[in-house]
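Residues per chain are reported as follows:
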2 protein chains.
Amino acid sequence: MRISELARRAGVPVGTVKYYLREGLLPGGEPTAPTQAQYGEEHVARLRLIRSLGGVGGLSISQTRGVLAAVDDPTTSVHDTLGAAHKALSAPLLGDQLDLTRARAHLERWGWHVQEHTPALILLAEALDALDSAGFDAPDTLLDRYADAAKEVAEADVAEVPTSSPSEAVRFVVIGTLLLEPVLLALRRLAQEDASSRRFGGDLLLAEEAPPT
Amino acid sequence: MRISELARRAGVPVGTVKYYLREGLLPGGEPTAPTQAQYGEEHVARLRLIRSLGGVGGLSISQTRGVLAAVDDPTTSVHDTLGAAHKALSAPLLGDQLDLTRARAHLERWGWHVQEHTPALILLAEALDALDSAGFDAPDTLLDRYADAAKEVAEADVAEVPTSSPSEAVRFVVIGTLLLEPVLLALRRLAQEDASSRRFGGDLLLAEEAPPT
(Lines give C-alpha, C1' and ligand atoms only; values in the text may rest on other atoms or scores of the structure.)
Protein backbone atom coordinates (compact mmCIF):
# COMPACT_ATOMS: atom_id res chain seq x y z
CA MET A 1 0.00 0.00 0.00
CA ARG A 2 1.04 3.63 -0.45
CA ILE A 3 1.79 6.01 2.40
CA SER A 4 -1.67 7.62 2.19
CA GLU A 5 -3.35 4.24 2.61
CA LEU A 6 -0.95 3.33 5.43
CA ALA A 7 -1.82 6.57 7.25
CA ARG A 8 -5.55 5.95 6.81
CA ARG A 9 -5.32 2.35 8.06
CA ALA A 10 -3.38 3.35 11.18
CA GLY A 11 -5.55 6.41 11.81
CA VAL A 12 -2.78 9.02 11.77
CA PRO A 13 -2.08 11.96 9.40
CA VAL A 14 0.38 11.41 6.51
CA GLY A 15 2.64 14.12 7.98
CA THR A 16 2.90 12.10 11.21
CA VAL A 17 3.88 8.97 9.27
CA LYS A 18 6.64 10.95 7.50
CA TYR A 19 7.83 12.28 10.87
CA TYR A 20 8.12 8.74 12.31
CA LEU A 21 9.99 7.67 9.14
CA ARG A 22 12.45 10.57 9.53
CA GLU A 23 12.90 9.80 13.24
CA GLY A 24 13.61 6.17 12.40
CA LEU A 25 10.77 4.85 14.58
CA LEU A 26 9.07 3.40 11.49
CA PRO A 27 11.22 1.43 9.02
CA GLY A 28 11.07 2.60 5.39
CA GLY A 29 8.91 0.87 2.80
CA GLU A 30 9.93 -0.94 -0.38
CA PRO A 31 10.94 1.78 -2.92
CA THR A 32 8.85 1.68 -6.12
CA ALA A 33 9.89 5.05 -7.57
CA PRO A 34 12.26 7.87 -6.51
CA THR A 35 9.58 9.43 -4.29
CA GLN A 36 7.32 6.43 -3.68
CA ALA A 37 7.40 3.32 -1.53
CA GLN A 38 5.15 0.39 -0.76
CA TYR A 39 4.23 -0.45 2.81
CA GLY A 40 2.90 -3.69 4.31
CA GLU A 41 0.84 -4.93 7.24
CA GLU A 42 3.91 -4.84 9.50
CA HIS A 43 4.02 -1.04 8.97
CA VAL A 44 0.37 -0.72 9.99
CA ALA A 45 1.04 -2.72 13.17
CA ARG A 46 4.14 -0.69 13.96
CA LEU A 47 2.30 2.61 13.48
CA ARG A 48 -0.53 1.50 15.76
CA LEU A 49 2.01 0.50 18.35
CA ILE A 50 3.79 3.88 18.17
CA ARG A 51 0.45 5.66 18.45
CA SER A 52 -0.55 3.63 21.51
CA LEU A 53 2.73 4.28 23.27
CA GLY A 54 2.45 8.03 22.70
CA GLY A 55 -1.29 8.14 23.40
CA VAL A 56 -2.46 6.29 26.50
CA GLY A 57 1.17 5.38 27.24
CA GLY A 58 2.01 9.09 27.33
CA LEU A 59 5.59 8.45 26.18
CA SER A 60 7.75 11.07 24.49
CA ILE A 61 9.37 10.33 21.14
CA SER A 62 12.64 9.51 22.88
CA GLN A 63 10.92 7.17 25.38
CA THR A 64 9.04 5.56 22.49
CA ARG A 65 12.39 5.03 20.78
CA GLY A 66 13.65 3.27 23.92
CA VAL A 67 10.64 0.95 24.06
CA LEU A 68 10.86 0.13 20.33
CA ALA A 69 14.53 -0.67 20.78
CA ALA A 70 13.53 -3.22 23.42
CA VAL A 71 10.85 -4.63 21.11
CA ASP A 72 13.30 -4.83 18.18
CA ASP A 73 16.24 -6.26 20.04
CA PRO A 74 15.21 -9.48 21.76
CA THR A 75 18.04 -10.94 23.78
CA THR A 76 18.19 -14.57 24.72
CA SER A 77 16.68 -14.22 28.18
CA VAL A 78 13.10 -13.07 28.60
CA HIS A 79 13.93 -12.08 32.17
CA ASP A 80 16.72 -9.75 31.02
CA THR A 81 14.45 -8.09 28.47
CA LEU A 82 11.81 -7.51 31.12
CA GLY A 83 14.46 -5.54 33.00
CA ALA A 84 15.41 -3.64 29.84
CA ALA A 85 11.77 -2.86 29.13
CA HIS A 86 11.17 -1.57 32.67
CA LYS A 87 14.25 0.61 32.34
CA ALA A 88 13.09 2.07 29.01
CA LEU A 89 9.70 2.80 30.57
CA SER A 90 11.08 4.57 33.63
CA ALA A 91 11.35 8.33 33.77
CA PRO A 92 14.83 9.63 34.67
CA LEU A 93 15.31 8.58 38.27
CA LEU A 94 16.97 10.35 41.15
CA GLY A 95 18.06 7.17 42.87
CA ASP A 96 21.27 8.62 44.27
CA GLN A 97 19.44 11.00 46.56
CA LEU A 98 16.93 8.44 47.77
CA ASP A 99 17.05 6.18 50.77
CA LEU A 100 15.97 2.74 49.54
CA THR A 101 16.15 1.12 52.99
CA ARG A 102 12.45 1.19 53.74
CA ALA A 103 11.43 0.00 50.26
CA ARG A 104 13.93 -2.87 50.52
CA ALA A 105 12.64 -3.79 53.99
CA HIS A 106 9.11 -4.17 52.60
CA LEU A 107 10.36 -6.43 49.80
CA GLU A 108 12.25 -8.54 52.29
CA ARG A 109 9.12 -8.87 54.39
CA TRP A 110 7.25 -10.13 51.30
CA GLY A 111 10.10 -12.40 50.18
CA TRP A 112 10.42 -10.75 46.77
CA HIS A 113 13.74 -11.01 44.92
CA VAL A 114 14.76 -8.15 42.61
CA GLN A 115 18.04 -6.63 41.47
CA GLU A 116 19.71 -4.24 43.88
CA HIS A 117 19.05 -1.00 41.96
CA THR A 118 16.12 -2.06 39.82
CA PRO A 119 14.20 1.02 38.56
CA ALA A 120 10.89 0.06 40.21
CA LEU A 121 12.57 0.00 43.63
CA ILE A 122 13.43 3.65 43.16
CA LEU A 123 9.86 4.33 41.99
CA LEU A 124 8.58 2.67 45.17
CA ALA A 125 10.92 4.68 47.41
CA GLU A 126 9.83 7.88 45.66
CA ALA A 127 6.17 7.01 46.06
CA LEU A 128 6.60 6.22 49.78
CA ASP A 129 8.47 9.49 50.30
CA ALA A 130 5.69 11.39 48.55
CA LEU A 131 3.14 9.86 50.92
CA ASP A 132 5.28 11.02 53.86
CA SER A 133 5.61 14.52 52.44
CA ALA A 134 1.86 14.74 52.03
CA GLY A 135 1.44 13.67 55.65
CA PHE A 136 -0.38 10.51 54.56
CA ASP A 137 0.11 7.63 56.94
CA ALA A 138 0.03 4.37 54.96
CA PRO A 139 0.16 1.57 57.56
CA ASP A 140 2.03 -1.65 56.77
CA THR A 141 -1.26 -3.53 56.76
CA LEU A 142 -2.44 -1.38 53.84
CA LEU A 143 0.85 -1.81 51.95
CA ASP A 144 0.60 -5.56 52.51
CA ARG A 145 -2.80 -5.60 50.80
CA TYR A 146 -1.28 -3.63 47.92
CA ALA A 147 1.59 -6.10 47.70
CA ASP A 148 -0.83 -9.06 47.62
CA ALA A 149 -2.79 -7.42 44.80
CA ALA A 150 0.37 -6.47 42.87
CA LYS A 151 1.63 -10.03 43.19
CA GLU A 152 -1.67 -11.38 41.89
CA VAL A 153 -1.59 -9.29 38.69
CA ALA A 154 2.14 -9.79 38.20
CA GLU A 155 1.79 -13.59 38.40
CA ALA A 156 -0.98 -13.39 35.80
CA ASP A 157 1.16 -11.07 33.61
CA VAL A 158 4.19 -13.33 33.71
CA ALA A 159 2.13 -16.49 33.18
CA GLU A 160 0.72 -14.94 29.98
CA VAL A 161 4.12 -14.10 28.45
CA PRO A 162 4.32 -16.10 25.21
CA THR A 163 7.46 -18.19 24.83
CA SER A 164 6.96 -18.99 21.13
CA SER A 165 9.44 -16.33 19.97
CA PRO A 166 11.72 -13.93 21.83
CA SER A 167 10.43 -10.88 19.93
CA GLU A 168 6.81 -11.78 20.76
CA ALA A 169 7.78 -12.18 24.42
CA VAL A 170 9.47 -8.79 24.50
CA ARG A 171 6.59 -7.13 22.72
CA PHE A 172 4.16 -8.64 25.24
CA VAL A 173 6.24 -7.49 28.21
CA VAL A 174 6.69 -3.94 26.94
CA ILE A 175 3.12 -3.39 25.82
CA GLY A 176 1.66 -5.30 28.74
CA THR A 177 3.71 -3.43 31.32
CA LEU A 178 2.79 -0.08 29.87
CA LEU A 179 -0.76 -0.44 28.59
CA LEU A 180 -2.12 -2.58 31.40
CA GLU A 181 -1.13 0.09 33.96
CA PRO A 182 -4.01 2.42 33.02
CA VAL A 183 -6.33 -0.62 33.08
CA LEU A 184 -5.30 -1.41 36.64
CA LEU A 185 -5.64 2.20 37.79
CA ALA A 186 -9.06 2.60 36.16
CA LEU A 187 -10.23 -0.66 37.75
CA ARG A 188 -9.01 0.48 41.17
CA ARG A 189 -11.03 3.69 40.91
CA LEU A 190 -14.13 1.82 39.74
CA ALA A 191 -13.75 -0.69 42.55
CA GLN A 192 -13.31 2.21 45.00
CA GLU A 193 -16.56 3.74 43.78
CA ASP A 194 -18.31 0.39 44.15
CA ALA A 195 -16.87 -0.16 47.65
CA SER A 196 -17.58 3.42 48.66
CA SER A 197 -21.20 3.17 47.54
CA ARG A 198 -21.56 0.10 49.74
CA ARG A 199 -19.87 1.71 52.75
CA PHE A 200 -21.04 5.31 52.51
CA GLY A 201 -23.75 5.86 49.96
CA GLY A 202 -25.53 2.67 49.02
CA ASP A 203 -29.02 4.10 49.26
CA LEU A 204 -28.23 7.21 47.28
CA LEU A 205 -26.63 5.27 44.45
CA LEU A 206 -29.42 2.72 44.31
CA ALA A 207 -31.97 5.52 44.21
CA GLU A 208 -30.19 7.06 41.24
CA GLU A 209 -29.97 3.79 39.41
CA ALA A 210 -33.56 2.71 39.94
CA PRO A 211 -35.54 2.86 36.68
CA PRO A 212 -38.38 5.41 36.57
CA THR A 213 -41.74 3.80 37.26
CA MET B 1 6.93 31.80 61.52
CA ARG B 2 8.02 34.08 58.68
CA ILE B 3 7.82 33.17 55.01
CA SER B 4 11.53 32.28 54.85
CA GLU B 5 11.12 29.78 57.70
CA LEU B 6 7.93 28.41 56.10
CA ALA B 7 9.76 27.85 52.82
CA ARG B 8 12.65 26.14 54.59
CA ARG B 9 10.33 23.86 56.60
CA ALA B 10 8.40 22.76 53.49
CA GLY B 11 11.54 22.42 51.38
CA VAL B 12 10.56 24.86 48.62
CA PRO B 13 12.09 28.19 47.50
CA VAL B 14 10.55 31.41 48.88
CA GLY B 15 9.65 32.45 45.32
CA THR B 16 7.57 29.30 44.96
CA VAL B 17 5.72 30.04 48.21
CA LYS B 18 4.91 33.54 46.91
CA TYR B 19 3.70 32.04 43.63
CA TYR B 20 1.30 29.69 45.47
CA LEU B 21 0.07 32.64 47.57
CA ARG B 22 -0.60 34.69 44.41
CA GLU B 23 -2.37 31.73 42.77
CA GLY B 24 -4.54 31.29 45.86
CA LEU B 25 -3.44 27.69 46.45
CA LEU B 26 -1.94 28.68 49.80
CA PRO B 27 -4.02 30.87 52.15
CA GLY B 28 -2.34 34.09 53.33
CA GLY B 29 -0.71 34.34 56.76
CA GLU B 30 -1.61 36.60 59.67
CA PRO B 31 -0.40 40.16 58.72
CA THR B 32 2.13 41.58 61.21
CA ALA B 33 3.33 44.55 59.12
CA PRO B 34 2.48 46.01 55.68
CA THR B 35 4.88 43.56 53.96
CA GLN B 36 5.11 40.80 56.57
CA ALA B 37 2.93 37.95 57.74
CA GLN B 38 3.11 35.08 60.19
CA TYR B 39 2.48 31.50 59.06
CA GLY B 40 1.55 28.43 61.08
CA GLU B 41 1.85 24.64 60.96
CA GLU B 42 -1.23 24.44 58.72
CA HIS B 43 0.70 26.40 56.08
CA VAL B 44 3.60 23.93 56.26
CA ALA B 45 1.20 21.01 55.83
CA ARG B 46 -0.55 22.72 52.94
CA LEU B 47 2.73 23.49 51.17
CA ARG B 48 3.90 19.89 51.52
CA LEU B 49 0.59 18.72 50.10
CA ILE B 50 0.87 21.06 47.09
CA ARG B 51 4.43 19.92 46.48
CA SER B 52 3.41 16.24 46.60
CA LEU B 53 0.56 16.74 44.18
CA GLY B 54 2.80 18.51 41.69
CA GLY B 55 5.75 16.17 42.24
CA VAL B 56 4.95 12.46 42.20
CA GLY B 57 1.31 13.31 41.47
CA GLY B 58 2.45 15.13 38.34
CA LEU B 59 -0.51 17.53 38.50
CA SER B 60 -0.53 20.94 36.81
CA ILE B 61 -1.33 24.05 38.86
CA SER B 62 -4.90 23.99 37.59
CA GLN B 63 -5.33 20.29 38.44
CA THR B 64 -3.80 20.97 41.86
CA ARG B 65 -6.37 23.73 42.31
CA GLY B 66 -9.14 21.20 41.54
CA VAL B 67 -7.83 18.73 44.10
CA LEU B 68 -7.41 21.39 46.78
CA ALA B 69 -10.97 22.55 46.11
CA ALA B 70 -12.13 19.00 46.87
CA VAL B 71 -9.99 18.93 50.03
CA ASP B 72 -11.30 22.33 51.17
CA ASP B 73 -14.95 21.78 50.40
CA PRO B 74 -16.17 18.68 52.20
CA THR B 75 -19.79 17.94 51.39
CA THR B 76 -21.96 15.87 53.65
CA SER B 77 -21.48 12.56 51.82
CA VAL B 78 -18.07 10.93 51.71
CA HIS B 79 -19.25 8.94 48.69
CA ASP B 80 -20.08 12.12 46.74
CA THR B 81 -16.71 13.63 47.53
CA LEU B 82 -14.94 10.51 46.31
CA GLY B 83 -16.67 11.11 42.98
CA ALA B 84 -15.63 14.78 43.03
CA ALA B 85 -12.06 13.84 43.85
CA HIS B 86 -11.90 11.29 41.01
CA LYS B 87 -13.27 13.92 38.64
CA ALA B 88 -10.68 16.50 39.72
CA LEU B 89 -7.95 13.91 39.23
CA SER B 90 -9.05 12.89 35.74
CA ALA B 91 -7.46 14.41 32.66
CA PRO B 92 -9.93 15.92 30.19
CA LEU B 93 -11.84 12.94 28.83
CA LEU B 94 -13.15 12.22 25.36
CA GLY B 95 -16.10 10.17 26.57
CA ASP B 96 -18.41 11.23 23.75
CA GLN B 97 -16.36 9.48 21.11
CA LEU B 98 -15.88 6.30 23.11
CA ASP B 99 -17.92 3.14 23.14
CA LEU B 100 -18.38 2.23 26.80
CA THR B 101 -20.29 -0.99 26.07
CA ARG B 102 -17.40 -3.38 26.60
CA ALA B 103 -16.18 -1.64 29.78
CA ARG B 104 -19.74 -1.73 31.17
CA ALA B 105 -20.08 -5.42 30.28
CA HIS B 106 -16.98 -6.23 32.33
CA LEU B 107 -18.35 -4.31 35.33
CA GLU B 108 -21.64 -6.13 35.06
CA ARG B 109 -19.80 -9.45 34.98
CA TRP B 110 -18.03 -8.46 38.21
CA GLY B 111 -21.19 -7.07 39.84
CA TRP B 112 -19.71 -3.61 40.39
CA HIS B 113 -22.05 -0.63 40.72
CA VAL B 114 -20.85 2.78 39.51
CA GLN B 115 -22.48 5.86 38.08
CA GLU B 116 -23.36 5.76 34.39
CA HIS B 117 -20.68 8.18 33.14
CA THR B 118 -18.19 7.98 35.98
CA PRO B 119 -14.74 9.21 34.84
CA ALA B 120 -12.94 5.93 35.57
CA LEU B 121 -15.30 4.07 33.21
CA ILE B 122 -14.07 6.30 30.41
CA LEU B 123 -10.47 5.69 31.53
CA LEU B 124 -11.11 1.94 31.38
CA ALA B 125 -12.68 2.14 27.90
CA GLU B 126 -9.71 4.23 26.69
CA ALA B 127 -7.24 1.76 28.16
CA LEU B 128 -9.00 -1.22 26.56
CA ASP B 129 -9.08 0.58 23.19
CA ALA B 130 -5.36 1.30 23.49
CA LEU B 131 -4.67 -2.41 24.03
CA ASP B 132 -6.67 -3.17 20.88
CA SER B 133 -4.82 -0.53 18.87
CA ALA B 134 -1.51 -1.98 19.97
CA GLY B 135 -2.68 -5.42 18.87
CA PHE B 136 -2.44 -6.70 22.43
CA ASP B 137 -4.93 -9.43 23.21
CA ALA B 138 -5.91 -9.22 26.87
CA PRO B 139 -8.13 -12.25 27.55
CA ASP B 140 -11.05 -11.98 29.97
CA THR B 141 -9.26 -14.33 32.36
CA LEU B 142 -6.42 -11.79 32.65
CA LEU B 143 -8.82 -8.87 33.15
CA ASP B 144 -10.62 -10.91 35.82
CA ARG B 145 -7.37 -11.26 37.76
CA TYR B 146 -6.85 -7.51 37.43
CA ALA B 147 -10.38 -6.89 38.68
CA ASP B 148 -9.83 -9.17 41.69
CA ALA B 149 -6.64 -7.31 42.56
CA ALA B 150 -8.23 -3.88 42.05
CA LYS B 151 -11.12 -4.89 44.28
CA GLU B 152 -8.69 -6.03 46.97
CA VAL B 153 -6.85 -2.71 47.14
CA ALA B 154 -10.05 -0.69 46.78
CA GLU B 155 -11.68 -2.48 49.70
CA ALA B 156 -8.58 -1.76 51.78
CA ASP B 157 -8.59 1.90 50.64
CA VAL B 158 -12.23 2.46 51.49
CA ALA B 159 -11.96 0.60 54.83
CA GLU B 160 -9.15 3.01 55.82
CA VAL B 161 -11.12 6.20 55.09
CA PRO B 162 -11.38 8.03 58.43
CA THR B 163 -14.90 9.06 59.39
CA SER B 164 -13.87 11.38 62.23
CA SER B 165 -14.29 14.54 60.14
CA PRO B 166 -15.50 15.16 56.58
CA SER B 167 -12.40 17.17 55.66
CA GLU B 168 -10.09 14.40 56.89
CA ALA B 169 -12.09 11.88 54.86
CA VAL B 170 -11.83 13.97 51.71
CA ARG B 171 -8.13 14.57 52.21
CA PHE B 172 -7.57 10.84 52.65
CA VAL B 173 -9.52 10.01 49.50
CA VAL B 174 -7.79 12.59 47.34
CA ILE B 175 -4.27 11.92 48.54
CA GLY B 176 -4.81 8.19 48.76
CA THR B 177 -6.29 7.92 45.28
CA LEU B 178 -3.47 9.91 43.76
CA LEU B 179 -0.37 9.01 45.74
CA LEU B 180 -1.08 5.31 46.19
CA GLU B 181 -1.29 4.86 42.40
CA PRO B 182 2.50 5.07 41.91
CA VAL B 183 2.90 2.71 44.89
CA LEU B 184 0.66 0.13 43.20
CA LEU B 185 2.42 0.48 39.83
CA ALA B 186 5.89 0.21 41.39
CA LEU B 187 4.80 -2.88 43.34
CA ARG B 188 3.42 -4.48 40.18
CA ARG B 189 6.74 -4.02 38.40
CA LEU B 190 8.70 -5.37 41.37
CA ALA B 191 6.36 -8.36 41.63
CA GLN B 192 6.76 -8.91 37.87
CA GLU B 193 10.53 -8.97 38.27
CA ASP B 194 10.22 -11.42 41.14
CA ALA B 195 7.77 -13.65 39.20
CA SER B 196 9.85 -13.39 36.03
CA SER B 197 13.03 -14.39 37.86
CA ARG B 198 11.21 -17.47 39.11
CA ARG B 199 9.76 -18.36 35.69
CA PHE B 200 12.57 -17.35 33.36
CA GLY B 201 15.79 -16.50 35.11
CA GLY B 202 15.96 -17.80 38.63
CA ASP B 203 19.51 -19.09 38.41
CA LEU B 204 20.87 -15.95 36.83
CA LEU B 205 19.35 -13.70 39.46
CA LEU B 206 20.46 -15.88 42.35
CA ALA B 207 23.98 -15.95 40.93
CA GLU B 208 24.05 -12.14 40.83
CA GLU B 209 22.74 -11.83 44.35
CA ALA B 210 25.04 -14.38 45.94
CA PRO B 211 27.60 -12.71 48.20
CA PRO B 212 31.24 -13.02 47.04
CA THR B 213 33.03 -15.82 48.82
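Residues numbered from 1 in each chain as written. Chains lettered and ligands numbered in written order. Predicted model: local features only at pLDDT ≥ 70, side-chain atom pairs only at ≥ 80, totals over all residues. Heavy atoms only, no water.

So, the packing of helix α3 (residues 41-54) of chain B against helix α4 (residues 61-72) of chain B
All names here are of chain B. Cut-off, in case you're wondering: Geometry is summarised by axes, namely lines fitted to C-alpha atoms with helices restricted to the contacting stretch, and by angles between N-to-C directions that run from 0 to 180 degrees. In this description a helix means any DSSP run of H or I spanning at least four residues, a strand means any run of E spanning at least two, and both kinds are numbered starting from the N terminus. The labels follow the angle: roughly parallel below 35 degrees, roughly antiparallel above 145, roughly perpendicular from 65 to 115, and oblique for the rest. Here is the rule for handedness: rotate from the far helix to the near one, and if that takes an anticlockwise turn smaller than a right angle the crossing is left-handed, while a clockwise turn gives right-handed. Should any heavy atoms of two residues lie within 4.5 Å, those residues are considered in contact. In this count, Pro and Cys sit with the nonpolar residues alongside Ala, Val, Leu, Ile, Met, Phe, Trp and Tyr, while Asp, Glu, Lys and Arg are called charged and the others, Gly among them, polar.
Running from N to C, α3 and α4 point in directions that differ by 135°, and their axes come no closer than 10 Å. Between α3 and α4, the angle is such that the two are oblique. When the axes of α3 and α4 are compared, the crossing they make is right-handed. Contacts between α3 and α4 involve Arg46, Leu49, Ile50 and Leu53 on the former and, on the latter, Thr64, Val67, Leu68 and Asp72. Tallied by class, the residues present in the contact of α3 with α4 amount to 5 nonpolar, 1 polar and 2 charged.

Focus: the packing of helix α1 (residues 3-10) of chain B against helix α2 (residues 14-23) of chain B
All names here are of chain B. Contact pair α1 / α2: the axes reach a minimum separation of 9 Å and the direction vectors enclose 105°. Relative to α2, the element α1 is oriented roughly perpendicular. On α2, the residues touching Ile3, Ser4, Leu6 and Ala7 of α1 are Val14, Val17, Lys18 and Leu21. Class assignment for the residues of the contact of α1 with α2 results in 6 nonpolar, 1 polar and 1 charged.

A few points about the nonpolar core
In a soluble, globular protein the nonpolar side chains are often hidden away together inside. Rule in force here: The term nonpolar core refers to a set of buried residues drawn from Ala, Val, Leu, Ile, Met, Phe, Trp, Tyr and Cys, joined through side-chain atoms within 4.5 Å. Per-residue accessibility, obtained with a 1.4 Å probe over protein chains only, is compared with the maximum for each type, and a residue is labelled buried under 20%, exposed over 50%, and partly exposed between these values.
In terms of nonpolar packing, the biggest core is built from 131 residues, with Trp112 and Leu124 of chain A together with Trp112 and Leu124 of chain B touching the most fellow members. With residues up to four places along the chain from it excluded, the contact list for Leu124 of chain B reads Val183, Ala186, Leu187 and Leu190 of chain A together with Ala103 and Leu107 of chain B.

Comments concerning the pattern of salt bridges
What counts is decided by this rule: In what follows, salt bridge is the name for a side-chain nitrogen of Lys or Arg lying within 4 Å of a carboxyl oxygen of Asp or Glu.
Scanning the model with the defined rule gives 24 salt bridges over all chains in all. Between Arg9 of chain A and Glu41 of chain A there is a salt bridge, and its shortest N-O distance comes to 2.8 Å. Linking Arg9 of chain A in helix α1 (residues 3-10) with Glu41 of chain A in helix α3 (residues 41-54), this pair joins segments that are 32 residues apart in sequence. Given a relative accessible area of 27%, Arg9 of chain A falls into the partly exposed group. Given a relative accessible area of 48%, Glu41 of chain A falls into the partly exposed group. For Glu181 of chain B, the salt bridge is made with Arg189 of chain A, and the minimal N-O distance between the two is 3.0 Å. Within this pair, whereas Glu181 of chain B is found in helix α9 (residues 166-199), its partner Arg189 of chain A is found in helix α9 (residues 166-199), the two belonging to separate chains. For Glu181 of chain B, a relative accessible area of 11% gives the class buried. Several salt bridges converge on common partners, so that one network encompasses Lys151 and Glu155 of chain A together with Asp194 and Arg198 of chain B.

Comments concerning the confidence of the model for chain A
Residue and element names in this part refer to chain A. Stated formally: The quantity known as pLDDT measures the predictor's confidence residue by residue, on a range of 0 to 100.
The predicted model of chain A has a mean per-residue pLDDT of 82, with 83% of residues at 70 or higher. Predicted confidence in chain A is weakest over helix α10 (residues 202-209), with a mean pLDDT of 37, and strongest over helix α6 (residues 101-110), with 95. Note on residues 202-213: pLDDT under 50 across the span, and 9 contacts to partners over four residues away in sequence or across chains. Confidence metrics for the complex model read pTM 0.75 and ipTM 0.75.

As for the interface of chain A and chain B
The condition is simple: We define a polar contact as two N or O atoms separated by no more than 3.5 Å, with the added condition that, inside protein, one atom must be a possible hydrogen donor and the other a possible acceptor, whereas residues neighbouring each other in sequence contribute only through side-chain atom pairs.
If you look at the interface, chain A gives 86 residues, while chain B gives 86 residues. Where chain A meets chain B, there are 6 salt bridges. Across the contact surface, chain A and chain B share 30 residue pairs in polar contact (both at pLDDT 80 or more). No other element matches the 26 residues that α9 of chain A contributes to the side of chain A that touches chain B.

Some points on the relation of the copies chain A and chain B
Put simply, the rule reads: Our superposition of the copies is a least-squares fit, built on the C-alpha atoms of residues whose pLDDT is at least 70 in both.
Note on the copies: chain A fits chain B at an RMSD of 0.1 Å, the axial shift is 0.0 Å, and the rotation between them is 180°. Here the transformation between the copies is reduced to the relation of a two-fold axis. The position closest to the rotation axis in chain A is occupied by the C-alpha of Ala149 of chain A, lying 2.2 Å away. Both copies contact each other with a shared surface, as 100% of the interface residues of chain A are interface residues in chain B too.

Focus on the pairing of strand β1 (residues 30-33) of chain B
Residues and elements named next belong to chain B. Cut-off, in case you're wondering: Paired strands are those between which DSSP finds at least two bridges.
In terms of strand pairing, β1 meets strand β2 (residues 36-38) through 3 bridges, oriented antiparallel. Of the residues in β2, the one forming a bridge with Pro31 is Ala37. Counted along the chain from β1 to the antiparallel partner β2, the turn is 2 residues long.

Quick look at α1 of chain B
Residue and element names in this part refer to chain B. To be explicit about the condition: Note that the arc is defined by the directions from the helix axis to the C-beta atoms.
For α1, the full list of buried residues reads Leu6, Ala7 and Ala10. In a view along the axis of α1, the buried residues occupy a sector of 100°, so they form one face of it. Among the structural elements, α2 and α3 are those in contact with the buried residues of α1. Of the residues flanking the end of α1, it is Gly11, one or two places downstream, whose phi is positive at about 75°.

Looking at the packing of aromatic side chains
Residue and element names in this part refer to chain B. The condition that has to hold: Note on aromatic contacts: the rings of Phe and Tyr and the six-membered ring of Trp form a pair at centre separations within 6.5 Å, being stacked when their planes are under 30 degrees apart, edge-to-face when over 60 apart, and tilted otherwise.
Scanning the entire structure with this criterion turns up 4 aromatic pairs over all chains. Centroid distance Tyr19 to Tyr20: 6.0 Å. Interplanar angle 45°. Geometry classified as tilted. Given a relative accessible area of 31%, Tyr19 falls into the partly exposed group. Given a relative accessible area of 12%, Tyr20 falls into the buried group.

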